[in-house]
Amino acid sequence: MALAHEQLALACAACHRCGLAAGRQRVVVSRGNPRARLLVIGEAPGAQEDAQGQPFVGRSGQLLDRLLAAAGIDVATEAYICNVVKCRPPGNRKPTAAELAACRPWLEQQIALVDPPLVLLVGATALQGVLGIRGGITGLRGQWRPWGERWLMPILHPSYLLRNPSERPGSPRALTLDDLRRVRERLTPLPAPL
Ligand code: URA
C-alpha cells in the first residue's frame, strides 16, 4: 500500500539508509502536483535543493522549468518532480550504486503514489537508477519506451544544457525542447489531474 504524500515526506525526512544522511541539510522529496500525469525524475539534490528542501530549484532546475514551460507544460499543475536520490552527495558527485539502491524504495513509493502514465528520466543517472542502463543517454534521449503500464522518455540533463547554451537547430537544447514538445503531445489527451 502506497504511503500518502505527507507520510512519505515524513518517512523520508527520518531516513538513514545510507551515508548521505550524515551530510544533508534537508531530505529533498518532491515538488509539483502529486496527482500529475507526468513524473519527472532527476539525479540528486545540489546545494540549492539541499538548502531549500525542493528538487530542481537551482540553475539546472530553473532551466528545466523554462524548457518545460516553453513546451507548454506547467510544472505546478502538470508535473511531479523528484530525484532518484533524495539527499545531496558531497561536492555534487554522482550517487553511488549503493546509494541508488538504498533510495530506490522511496522512489518506488513515489511512483505508486503518483501512478503516472508518463515518466521523464532527466539525465544519465536517472536512466541508470530507474532502468539500470549505464551510458547511452545521447542515443536514447527523446525515445518513448514502454515501462509496464507507463511510457518513459529519457532526456538530457539541464546541467549539460547549461554547459551547451546554443539553441541552434540540432543543438542539445533544441533537441531537448523537441523532446519536451513530444511529451506535451502525449500529455494533452490524458485526463487532467483532479
Ligand atoms: N540536478 C538534479 O538532477 N536534481 C536536482 O534536484 C537538482 C539538480
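Residues numbered from 1 in each chain as written. Predicted model: local features only at pLDDT ≥ 70, side-chain atom pairs only at ≥ 80, totals over all residues. Heavy atoms only, no water.

Draft legend 1. Highlighting the overall build of the protein. Looking only at helices and strands, the protein features 9 helices and 6 strands. Relative to the 2.2 N^0.38 estimate, which gives 16 Å for 194 residues, the radius of gyration of the protein is 16 Å and therefore close to what a compact globule would have. Considered along the principal axes of its C-alpha atoms, the protein spans approximately 45 × 35 × 30 Å. Residue burial in the protein is summarised as follows: out of 194 residues, 50% are buried. Restricting to contacts in the protein with at least 6 residues of sequence separation, those with at least 24 account for 75%. On the protein, roughly 9100 Å² of surface is accessible, and the fraction owed to carbon and sulfur atoms is 53%. Side chains of the protein give 24 positive and 15 negative charges; the mean places of these two sets differ by 4 Å. (Helix = DSSP H or I, 4+ residues; strand = E, 2+ residues; numbered from the N terminus. Rg over C-alpha atoms; globule rule 2.2 N^0.38 Å. Buried < 20%, exposed > 50% of the residue type's maximum accessible area, 1.4 Å probe, protein only. Contact = heavy atoms within 4.5 Å. Areas by Shrake-Rupley, 256 points an atom, 1.4 Å probe, with all protein chains shown as cover. Lys, Arg positive; Asp, Glu negative; His and termini not counted. Charge placed at Lys NZ, Arg CZ, Asp CG, Glu CD.)

Draft legend 2. Geometry of the nonpolar core. Membership of the largest hydrophobic core comes to 52 residues, with the highest contact counts inside it found for Leu38, Val40, Ile41, Leu120 and Leu121. Examining the composition of this core, we find that 6 residues originate from one element, helix 5 (residues 97-114), more than from any other. Beyond its immediate sequence surroundings of up to four residues, Leu120 is in contact with Leu38, Leu39, Val40, Ile41, Leu68, Met153, Ile155, Leu180 and Val183. (Core = buried A, V, L, I, M, F, W, Y, C linked by side-chain atoms within 4.5 Å.)

Draft legend 3. Quick peek at the packing of aromatic side chains. One pass over the structure, following the stated rule, counts 0 aromatic pairs. Here the basic side chain of Arg17 rests over the ring of Trp106, its NZ or CZ set 4.2 Å away from the ring centre. Positioned over the ring face of Trp151 is Arg186, at 4.5 Å from the centre of the ring. (Phe/Tyr/Trp six-rings, centres within 6.5 Å; stacked < 30°, edge-to-face > 60°. Lys NZ or Arg CZ within 6 Å of the ring centre and 35° of its normal.)

Draft legend 4. Layout of the site of the ligand. Inspection of the region around the ligand gives Gly42, Glu43, Ala44, Glu49, Pro55, Phe56, Asn83 and His157 as its neighbouring residues. Ala44 is positioned with one of its backbone polar atoms (N or O) 3.1 Å from a nitrogen atom of the ligand. Within the contact set of the ligand, an oxygen atom lies 2.8 Å away from a backbone nitrogen or oxygen of Phe56. Out of a free accessible area of 240 Å², the ligand has 91% covered by protein chains. Residues of the shell around the ligand, tallied by class, amount to 3 nonpolar, 3 polar and 2 charged. (Near = heavy atom within 4 Å. Polar contact = N/O pair within 3.5 Å; in protein donor to acceptor, adjacent residues only side chain to side chain. Nonpolar A, V, L, I, M, F, W, Y, C, P; charged D, E, K, R; others polar.)

Draft legend 5. Up close: the pairing of strand 4 (residues 118-122). For strand 4, the tally of buried residues reaches 5 of 5 residues, placing the bulk of the element in the interior. Alternating residues of strand 4 divide into Leu118, Leu120 and Val122 and Val119 and Leu121, and every residue in both groups is buried. The pairing of strand 2 (residues 38-42) with strand 4 spans 4 bridges and is parallel. From the neighbouring strand, Leu39 faces strand 4, where its bridge partner is Val119. Bridge count for strand 4 against strand 6 (residues 150-155) is 5 bridges, and the pairing is parallel. Across the sheet, residue Val122 finds its bridge partner in strand 6, namely Ile155. (Pairing = 2+ DSSP bridges.)

Draft legend 6. Highlighting the pattern of salt bridges. This model, assessed by the stated rule, comprises 7 salt bridges. Between Glu167 and Arg173 there is a salt bridge; the shortest N-O distance is 3.7 Å. With a relative accessible area of 61%, Glu167 lands in the exposed category. A relative accessible area of 12% places Arg173 in the buried class. (Salt bridge = Lys/Arg side-chain N within 4 Å of Asp/Glu carboxyl O.)

Draft legend 7. How the structure looks around the side chain of Lys86. Structurally, the position occupied by Lys86 is in the loop between strand 3 (79-83) and helix 5. No salt bridge is formed by the buried Lys86. Its closest oppositely charged neighbour is Glu108, at 11 Å. A distance of 2.4 Å separates the side chain of Lys86 from the backbone oxygen of Asn83, its partner in a polar contact. Residues within four places of Lys86 in sequence aside, it is in contact with Arg26, Val27, Val28, Val29, Pro45, Cys103, Trp106, Leu107 and Gln110.

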